[in-house]
Amino acid sequence: SQQGEEDPQALSIQEGENATMNCSYKTSINNLQWYRQNSGRGLVHLILIRSNEREKHSGRLRVTLDTSKKSSSLLITASRAADTASYFCATGGTGGGNKLTFGTGTQLKVEL
Amino acid sequence: GAGVSQSPSNKVTEKGKDVELRCDPISGHTALYWYRQSLGQGLEFLIYFQGNSAPDKSGLPSDRFSAERTGGSVSTLTIQRTQQEDSAVYLCASSWMGTQNEQYFGPGTRLTVT
């Protein structure tokens, strides 16, 4: 079952613009992770934010986490055509282990 | 060294047949996960292995699904008496021990049940 929703479901922007994706979840978490998927196959880890963190940066990526609202956002700045992919948030629960519960994903298209 | 590898990359099988999917995790990673991605259900957790502990099988959709991990390394996911709803991409991931580590995913096995 899905942990929550991501919005928008699809996003189309021009190269150089910023892209923002949002993720909501339902239960308590240890951490929240963002992944990218190209062509419906392997997932690439982008960034992990722990439940006691509020913001994290990695290159052109900025992630925020609001545990009171059970939501996170991923900002990609100065987007490139190569950023075209599906982006998923995934939450690691508090029940032991780190099995991930994924959101529904956002399809990002960056046009030249 | 190498990342997570999975085989086969594609598998087409007839309804009712058994299939085995293989995952080779990153060397040294003690945790191994199986997920499934299908159009109707999105990305779903199936099973999790951590060291010598009993696996967490809470995500397996039916008793036709089973998995084992031999020697703390390679894992095999077996689906018996396949059904058309089993068609999906099966993804394996591995990570270091602990609950705050990112998972590294393999390229997946696309299973089609005809």
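The structure displayed is predicted, hence computed values, not measured ones. (Residues numbered from 1 in each chain as written. Chains lettered and ligands numbered in written order. Predicted model: local features only at pLDDT ≥ 70, side-chain atom pairs only at ≥ 80, totals over all residues. Heavy atoms only, no water.)

*Asks:* Go over the state of the cysteines with me, naming the residues and quoting the values.
*Replies:* Residue and element names in this part refer to chain A. Tallying each qualifying case throughout the model produces 2 disulfides over all chains. One disulfide bridge connects cysteine 23 with cysteine 89, the sulfur atoms lying 1.9 Å from each other. Handedness here is read from the sign of the S-S torsion; for cysteine 23 and cysteine 89, about 70 degrees, the answer is right-handed. You can see cysteine 23 sitting in strand 3 (residues 19–24) and its partner cysteine 89 sitting in strand 9 (residues 85–93), a full 66 residues away along the chain. Exposure remark for cysteine 23: the relative accessible area of 3% places this residue in the buried category. (Disulfide = S-S within 2.5 Å. Helix = DSSP H or I, 4+ residues; strand = E, 2+ residues; numbered from the N terminus. Buried < 20%, exposed > 50% of the residue type's maximum accessible area, 1.4 Å probe, protein only.)

*Asks:* Before we move on, can you summarise the interface of chain B and chain A with the specific residues and values?
*Replies:* With 27 residues of chain B in contact, the opposing surface of chain A contributes 20 residues. Taken together, the connections running from chain B to chain A amount to 1 salt bridge. The partner of Asp56(B) in a salt bridge is Lys99(A), with the nearest N and O atoms 3.0 Å apart. Scanning the region where chain B abuts chain A turns up 5 residue pairs in polar contact (both at pLDDT 80 or more). Among the elements of the structure, strand 4 (31–38), strand 5 (42–50), strand 8 (88–95) and strand 10 (109–113) of chain B are those that each provide at least two residues to the side of chain B that touches chain A. (Contact = heavy atoms within 4.5 Å. Salt bridge = Lys/Arg side-chain N within 4 Å of Asp/Glu carboxyl O. Polar contact = N/O pair within 3.5 Å; in protein donor to acceptor, adjacent residues only side chain to side chain.)

*Asks:* I'd like to hear about the pattern of salt bridges, residue by residue, with values.
*Replies:* Residues and elements named next belong to chain A. This model, assessed by the stated rule, comprises 8 salt bridges over all chains. Residue lysine 56 pairs with glutamate 53 through a salt bridge whose shortest N-O separation is 3.9 Å. In this structure lysine 56 comes out as partly exposed when scored by relative accessible area, which is 25%. Taking the relative accessible area as the measure of exposure, glutamate 53 reaches 23% and is therefore partly exposed.

*Asks:* Requested: an account of the sheet that holds strand 1 (residues 5–7) of chain B, with residues and values cited.
*Replies:* Residues and elements named next belong to chain B. In spatial order, the strands read 1-3-7-6; together these 4 strands make up an open sheet with antiparallel pairing. Single-partner strands in this sheet number two, and they are strand 1 and strand 6 (65–69). Taking the axes of each pair of neighbouring strands and ignoring which way they run, one obtains an average angle of 15 degrees across the sheet. Note: strand 1 against strand 3 (residues 19–24), 3 bridges, orientation antiparallel. Note on strand 3: the bridge partner recorded for glutamine 6 is cysteine 23. (Pairing = 2+ DSSP bridges. Axes fitted to C-alpha atoms, helices over the stretch in contact; angles between N-to-C directions.)

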